[in-house]
Amino acid sequence: MTTSVDNAHSNTDLADRLDTVIDEVIRPQAATVDREGAFPRPGVDALAAAGLLGLASSTEVGGSGQGMRAVAEVIERLAAECGSTAMVLLMHYAATAVIEAHGPREVRTAIATGGHLTTLAFSEYGSRSHFWSPTGTASAADDGSVRLDARKSWVTSAGEADSYVWSSLPLSADTGPMTLWLVPAGSAGLSVTGDFDGLGLRGNGSRPMNAEGLRVPSAAMLAADGAGLDTALGAVLPWFLVLNGAFCLGLADSAVAEAGRHLTGTTLTHTGAALRDAPVTRRDLARLIIRTEALRAFLGDTLTALETGRDDAMLRVLQVKALAGETAADVTDGAMQLCGGSAFRKELGLERRFRDSRAARVMAPTTDALHDFVGRVATGLPLLDEANR
C-alpha cells in the first residue's frame, strides 16, 4: 500500500532528478536548440534516463504511475528553461495517454522504462487545425493488414519519435468519424517531407510527414474502428490542453522572473536609481505577476476539478488552454516592454520565451476554436456539430 509518506519521498526524488537534468543538460543547451533549430536529443535522452518518459505510465508496466498534476509540474519546469524540450515531452505524454488505454503491453513497457518516445500525428493538410476531421484514409488489404495514406502537416518529433499515434478516416464509413492507429517509426511508406524553420519552438521537430501505402497490422488499431474521435476527446484532449496550460505557465513565470531580475539589477549611472525604483515600472511588473498567478490558480483548479470529478471539469479543461495561451502571449510581451532594448538580446532569454509563447494560440485546438467550444457548452450545444462526428 502506498502511503502519503511514500508519495512525498517519490515526489521529492522526482524533483531532484528533474533538477539535475535541467541543470546539467537542458538549461545549458536551450539557447543552442533555439538558435540551430536542433531537436533536443541530449535533453530527451537525459529525461529518459531519469525515468521521466515513463512518468505517466502505469506501475504495472514499470512506470511511475503519476497523475496529471505531477506531469503538469514537469512540463511547467521544462517550459521555463526550454520550450522545445517541453513541447516534445508534452506531446509524448498526450500520446502515452492513448497507448496506456489501448496500446500493446510491449510498447507501454518500453515507454515506462524510458526506451520509447511517442507523439501525436493528427493535423493534416486537408483539415489543418480541425484535427477532428481527418482526410487521410485507412483501407483493408488482402493480406489482413491495413493500408494508411495521409499527408500530415505538423508532427512534433517527426523522424525522432519511436511511434506515432496516427489518425485516419475509419475503415468502415458508418462506424464513426475517425480511427486511431499506432504507427512504428521506420515503417515502409512513412516519410518526413519537410523541415521546420519556425518563429518559436524551433527545436521541437514539428515537421510534415506522409504515409504512402504504409501497412500496419489490424492490431495496430487503438480502440475500435470509428471511435478515434471519442478517444481523442476523452483520453488525449484533457492531457493535451492541461499540459499546454502548464507549458504556458512555465513560459510566463520565467519571463516575469527574468524581468524582475533585470529591473532589480539594472541601475542608471547618471541618477544611481535602479529601474525598479520607478513606480510605473513596479506597477507594470505587478500586473504581469498577478496575471501569471491567476493562470496558476486556474490551472490548479482545473486539475482539482479533474481529480475530484467535478461537474465542470471538462469545461475547465476547454478553458485552460485558451486562458493560458493568451496569458503567456501577453505576459511575455509585457516583459519584453519592461526590459526595453535589453530584451532583444539573446542572452537574456526573454525574446526566446516571447517567440515560444506564440505557439499556444495556433496549436489545435486553436484559441478561437476553444472559445467556440466553451460558448457551445455554455449555451447547451454539443461540442461539435453532428456532421463533424
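Below or above, wherever it landed, is the structure these notes cover. Computed from a predicted model, the values in this text were never measured in an experiment. (Residues numbered from 1 in each chain as written. Predicted model: local features only at pLDDT ≥ 70, side-chain atom pairs only at ≥ 80, totals over all residues. Heavy atoms only, no water.)

On to the packing of helix H4 (residues 83-102) against helix H6 (residues 228-265), then. Packing of H4 against H6 brings their axes to within 9 Å, and their N-to-C directions diverge by 155°. One finds that H4 runs roughly antiparallel with respect to H6. As H4 runs across H6, the sense of the crossing is right-handed. Packed against H4, whose contacting residues are Gly-83, Ala-86, Met-87, Leu-90, Met-91, Tyr-93, Ala-94, Ala-97, Val-98 and His-102, the element H6 presents Thr-231, Ala-235, Val-236, Trp-239, Phe-240, Leu-243, Asn-244 and Phe-247 at the interface. When its residues are assigned to classes, the contact of H4 with H6 shows 14 nonpolar, 4 polar and no charged. (Axes fitted to C-alpha atoms, helices over the stretch in contact; angles between N-to-C directions. Helix = DSSP H or I, 4+ residues; strand = E, 2+ residues; numbered from the N terminus. Parallel < 35°, antiparallel > 145°, perpendicular 65-115°, else oblique. Left-handed = near helix turned anticlockwise from the far one by under 90°. Contact = heavy atoms within 4.5 Å. Nonpolar A, V, L, I, M, F, W, Y, C, P; charged D, E, K, R; others polar.)

For the rest of this paragraph, the subject is the sheet that holds strand E8 (residues 221-222). Pairing is mixed across the open sheet formed by 4 strands, whose spatial order is E1-E4-E5-E8. The sheet is open, and its two borders are formed by strand E1 (118-121) and E8, each paired with just one other strand. The pairing of E1 with strand E4 (residues 163-168) spans 4 bridges and is parallel. Each bridged residue has a counterpart across the sheet, and for Ala-121 the counterpart in E4 is Trp-166. Each of E1, E4, strand E5 (179-184) and E8 is contacted by H4, which is oriented at about 90° to E1, the strand it contacts most. (Pairing = 2+ DSSP bridges.)

The next point concerns the pattern of salt bridges. Counted according to the given criterion, the structure contains 31 salt bridges. The partner of Arg-108 in a salt bridge is Glu-100, and the shortest N-O contact between them spans 3.0 Å. Taking the relative accessible area as the measure of exposure, Arg-108 reaches 11% and is therefore buried. A cluster of three or more residues bridged by salt bridges with shared partners is formed by Asp-34, Lys-346, Glu-351 and Arg-355. (Salt bridge = Lys/Arg side-chain N within 4 Å of Asp/Glu carboxyl O. Buried < 20%, exposed > 50% of the residue type's maximum accessible area, 1.4 Å probe, protein only.)

Glancing now at helix H8 (residues 313-339). Here H8 contains 27 residues, and its C-alpha end-to-end distance of 38 Å stays within 8% of the 39 Å for a straight helix at 1.5 Å per residue. Its maximal kink placed at Gln-319, H8 deviates by approximately 25°. Judged by how many residues are buried, H8 sits mostly within the fold: 19 of 27 residues are covered. Backbone geometry just after H8 places Gly-340 at a positive phi near 60°. (Expected span 1.5 Å × (residues − 1). Bend = angle between axes of the 7 residues up to and from the residue.)

At their nearest, the axes of helix H3 (residues 68-81) and helix H7 (residues 279-308) sit 10 Å apart, and the two run at 155° to each other. The pairing of H3 with H7 is recorded here as roughly antiparallel in orientation. Listed contacts from H7 to Met-68, Arg-69, Ala-72 and Glu-76 of H3 are Arg-296, Gly-300, Leu-303, Thr-304, Leu-306 and Glu-307. For the contact of H3 with H7, the per-class residue count stands at 4 nonpolar, 2 polar and 4 charged.

So, about unusual backbone geometry. Cis geometry is adopted by the peptide bond preceding Pro-365, which originates at Ala-364 and carries an omega value of -10°. A positive phi angle, near 65°, is found at Ser-157, a position not held by glycine. Assignment of secondary structure puts Ser-157 in the loop between strand E3 (145-155) and E4. Overall, Ser-157 belongs to the buried group, its relative accessible area being 0%. Even without being a glycine, Ala-223 presents a positive backbone phi close to 70°.

Membership of the largest hydrophobic core comes to 85 residues, with the highest contact counts inside it found for Leu-52, Val-74, Leu-78, Tyr-93, Val-165 and Phe-247. Counting residues per element, this core draws most heavily on H6, which supplies 15 residues. Dropping the residues within four chain positions of it, Phe-247 is found in contact with Ile-75, Ala-79, Gly-83, Ala-86, Met-87, Leu-90, Leu-201 and Asp-356. Grouped together as the second largest cluster of nonpolar side chains are 19 residues, Ala-161, Tyr-164, Trp-181 and Val-216 included. (Core = buried A, V, L, I, M, F, W, Y, C linked by side-chain atoms within 4.5 Å.)

One open sheet holds the 4 strands; their spatial order is E2-E3-E7-E6, and the pairing between them is antiparallel. Only two strands of the sheet have a single partner each, and these edge strands are strand E2 (137-140) and strand E6 (190-192). Strand-to-strand, the axes of this sheet are offset by a mean angle of 10°, without reference to chain direction. Both E6 and strand E7 (residues 207-217) contribute to a ladder of 3 bridges, which runs antiparallel. Its bridge partner lying in E7, Leu-190 is registered against Ala-211.

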